[in-house]
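# Examining the three-dimensional arrangement
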Amino acid sequence: MNCNRARELLANYRDIQKERAAILPELDAHLEACSACRQIQQQSDFIGASVRSLPTLSSAPEAHAKLMRALAAEHTRYIQRATSSELSTPTPAFLKPYLKDIVAEEKHLEPLTTFSSAETGPLPVIPITRKSPRVARLGPTTIVGIAAAVLMLIMAGGISSLVLMAQMNSGKPGETISGPAIVNKVTNISVASVAVQTSYPHVVSALADRNTMYFSAYQDGSDPEWMLEQVHLNTNNDPSITPVPLLDKPTTSNVYLLENVQNWLIWLQLDKPKTTTGKPLDTQNSSLTRTWSLDALYVGSGDTKTDNKSLPGEKNEASANQPITLLKGLYDQNTVPAWVNSPLQGTSTYQNDLLVSWLDNQGTSHLTRYQLDGQQQAPTSEELAHVNAGHVLTSPTASNDGKSIYWGEEWATNDNVLHGNIWQSQEEEAAPEHGRWAPHIETVRSLFKNDEASFHPHVVGDTLFMLSTLPLDASNQTNKPSPIITTDSQTPVASLTPSAAKSTPVLTPSVTTGQGETPITQPTQAPLIAKSDPNAYPLQADAMIQGTLFGYQLSDTTLAPQQFGDEGQSMALQGGNRFLLWQNKNKSINMFDVLTNNQVGVGTQIPANTLFLSIHGDTAVWLIPPDTNANATQPANTVTFKTFNWPTKIVSPNN
């Protein structure tokens, strides 16, 4: 089942569940695998629950009487305007009492009321001189229908307003505000512990969803072996559980988990470093070279074996459970900027697609998109952009439908200052042209923020977040897209070279010397909770960028953004399906629910000594140093993960 079919069925999800339709298992399986469709279901559930929680609307006691009096007054005007041939239909009985009330107030209407309310039927019509032109006439049944329709429209409008208020609260998308974003209430996360007994106790990276957790870890020894492992989370925290290995055999290459999209597990594999001739082996020396690969493993429940000895998720020979290599290369420290220490500079996912920014062995930076449709189909790839001359593409991110893609471009100047811009790729309907023309979609790529002080774009829901190192002033509250635009209506994926566009004049912010500069510092000096254990996967300079966090509404990115947190204090953005989590300069954690426009309380539940923190979909997972988890009752080599889901529980539409 694809996403389009699933979203058609979600409109009747409640009915499908009640009737136990045959399509339900297939739809539920797709929802479990597809985070984008699951987010749409959650939004639908939230709106439905909001509507069902509204108090029953009841009209005021006098509303019915007022409506009947208005209808009676209109009926008297109808009789005045009508000809004798049009009065064959008697006055509705329910209007007669109200016509009598009108007579008591307006004596000049008494003969007319007597006529219309008589028990013996209509009397001869009294001719009335008309002083105004004849207008369109409505019958009494039509009048009653119009009045009822107006009343229903007013009630529907009230319900719609209440639902929108419940969803958006007091904040409005794109609203210009002078300080941090305004939220209505604070809710709290609920942290759980997952104890895992493993022979690979040194965990370096992890990903989790509501049902499963994956992690990479290595053993002790002079030449440690690494393994990818899987744990099912419905284990009731049994400390004796053991994970399932996902590789046929251990590897001596370092393994760092990156993404999980449509049951494809994605990771970076770095081989042992080598040195150029005549230079010593030193992991901090710029002469290092390493072979690397971007690998993927399908972990879904495809065509599984039926024997009891099969591992969970293991498939038959037609779809063997073996990793595939999406990308590989040689990482040469001599060809990349000095502040870079990894061939990968960012990944993200949407629907079935994976975005990867990476560096080749010549130091050229690329942005590539992979489409992962199924376990038996080879993933397809296409290049979206590339850049060289010391510039690096980073932090790709996209809207849920993939029609809007954003990424960063970073470079350092001779004064050891790091600069950054944000690029965008938009799928838009092409403007009509002269001559033969047919409607079509074109891809438009341009600079979204070109102030040389914008970093780490991240899309959550309908909001684009990013960090700005500029001072908080009027110049940073506006967003004017760059006039530099390249379009490609014939080839969906054209090669774009941002560094070449640098020769074209661009908008330059009017700031004083030194503003917006991000000095390059040593990674170990920054108080940062990384996505992977920094002792095994060292941080690079741009990971420690601190700035002001802004959010732009994707529906209209030209509106002034919202500010989140304090000026210049935010760093290390990570986002789930509907929430953003970021750190402050003091290493404390902030969390914001984009769907409900609410702050989420984290407090001290994610401690400052956390080794790493990773977010995927609805779930965050982290690890604190093993000595803080010491428990004499637990078996040896037990690793305790901390995790939370947001929202804490997905409410079924039937509840």
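The structure reproduced in this document is the subject of the present report. (Residues numbered from 1 in each chain as written. Predicted model: local features only at pLDDT ≥ 70, side-chain atom pairs only at ≥ 80, totals over all residues. Heavy atoms only, no water.)

## Let's talk about unusual backbone geometry
Trp 646 connects to Pro 647 through a cis peptide bond whose omega is 0°. Examined against the element boundaries, Pro 647 turns out to sit in the segment after strand 32 (638-645). Even without being a glycine, Glu 452 presents a positive backbone phi close to 60°. On the secondary structure map, Glu 452 appears in the loop between strand 19 (441-449) and strand 20 (454-460). (Helix = DSSP H or I, 4+ residues; strand = E, 2+ residues; numbered from the N terminus.)

## Re the nonpolar core
Judged by nonpolar contacts, the single largest core of 62 residues is most densely connected at Ile 266, Trp 292, Leu 294 and Phe 641. For this core, the element with the highest residue contribution is strand 8 (residues 264-270), accounting for 6 residues. Excluding anything up to four places from it in sequence, Ile 266 contacts Leu 257, Leu 258, Glu 259, Val 261, Leu 294, Asp 295, Ala 296, Leu 326, Leu 354 and Leu 372. In terms of nonpolar packing, the next biggest core, distinct from the first, is built from 16 residues, Ile 189, Met 591, Val 600 and Ile 615 among them. (Core = buried A, V, L, I, M, F, W, Y, C linked by side-chain atoms within 4.5 Å. Buried < 20%, exposed > 50% of the residue type's maximum accessible area, 1.4 Å probe, protein only. Contact = heavy atoms within 4.5 Å.)

## Let's talk about the pairing of strand 29 (residues 598-601)
Taken together, the 3 bridges between strand 28 (residues 589-593) and strand 29 define a ladder with antiparallel strand orientation. The residue bridging Phe 592 from the neighbouring strand is Gln 599, located in strand 29. Taking the residues between adjacent antiparallel strands as the criterion, strand 28 and strand 29 are bridged by 4 residues, where Asn 597 takes a positive phi near 60°. (Pairing = 2+ DSSP bridges.)

## Quick look at the sheet that holds strand 32
Read across the sheet, 4 strands follow the order 2-32-31-30 without closing on themselves; strand pairing throughout is antiparallel. Of all strands in the sheet, those with a lone pairing partner are strand 2 (192-197) and strand 30 (612-616), marking the two edges. Mean inter-strand twist for the sheet, computed between neighbouring axes without regard to direction, equals 25°. The pairing of strand 2 with strand 32 spans 6 bridges and is antiparallel. Note that in strand 32 the partner of Ser 193 across the bridge is Lys 642. (Axes fitted to C-alpha atoms, helices over the stretch in contact; angles between N-to-C directions.)

## So, the side chain of Ser 614
Examined against the element boundaries, Ser 614 turns out to sit in strand 30. A polar contact is formed between the side chain of Ser 614 and the backbone oxygen of Ala 206, at a distance of 3.0 Å. In this view, Ser 614 contacts Ala 206, Leu 207, Lys 531, Gln 574, Thr 619, Ala 620 and Val 621; residues no more than four positions away in its chain are not counted. (Polar contact = N/O pair within 3.5 Å; in protein donor to acceptor, adjacent residues only side chain to side chain.)

## Comments concerning the sheet that holds strand 12 (residues 344-350)
Spatially, 4 strands are ordered 12-13-14-15 in an open sheet, and the strand pairing comes out antiparallel. Here the strands that pair on one side only, and so sit at the sheet edges, are strand 12 and strand 15 (380-387). Averaged over neighbouring strand pairs, the angle between their axes works out to 15° when direction is ignored. Looking at chain direction, strand 12 and strand 13 (residues 353-359) are connected through 6 bridges and run antiparallel. The residue of strand 13 that forms the bridge with Thr 347 is Val 356.

## Quick word on the pattern of salt bridges
Taken as a whole and judged by the stated rule, the model has 5 salt bridges. The shortest N-O distance in the salt bridge between Arg 578 and Asp 593 comes to 2.8 Å. With Arg 578 in the loop between strand 26 (570-575) and strand 27 (579-584) and Asp 593 in strand 28, this pair connects stretches of sequence that are 15 residues apart. Of the two residues, Arg 578 and Asp 593, neither departs from the other in class, the shared state being buried. Bridged by salt links that share partners, the residues Arg 38, Arg 210 and Asp 618 form one connected network. (Salt bridge = Lys/Arg side-chain N within 4 Å of Asp/Glu carboxyl O.)

## Some words on the packing of aromatic side chains
Within this structure, the stated rule accounts for 13 aromatic pairs. Between Phe 579 and Phe 644, the aromatic rings sit 6.2 Å apart at their centres with planes inclined by 45°, giving tilted as the arrangement. With a gap of 65 residues between them, Phe 579 in strand 27 and Phe 644 in strand 32 connect regions that are remote in the sequence. Chaining the aromatic ring pairs together yields one cluster made of Tyr 218, Trp 226, Tyr 256 and Tyr 537. (Phe/Tyr/Trp six-rings, centres within 6.5 Å; stacked < 30°, edge-to-face > 60°.)

## Some remarks on helix 1 (residues 3-10)
If you check which residues of helix 1 are buried, you get Cys 3, Ala 6, Leu 9 and Leu 10. The arc that holds the buried residues of helix 1, viewed along the axis, is 125°, so those residues lie on one side. The exposed residues of helix 1 that point more than 90 degrees off its buried face are Asn 4 and Glu 8. The residue sitting at the N-terminus of helix 1 and contributing the capping side-chain oxygen is Asn 2; that oxygen lies 2.8 Å from the backbone nitrogen of Arg 5. (Arc of directions from axis to C-beta.)

## Considering helix 3 (residues 24-33)
Leu 24, Leu 27, His 30 and Leu 31 are the residues of helix 3 that are buried. Buried positions in helix 3, seen along its axis, are confined to an arc of 130° and lie on one side of it. Set apart from the buried face of helix 3 by more than 90 degrees, the exposed residues are Pro 25 and Glu 32.

By themselves, these figures tell us nothing about what the structure is for.
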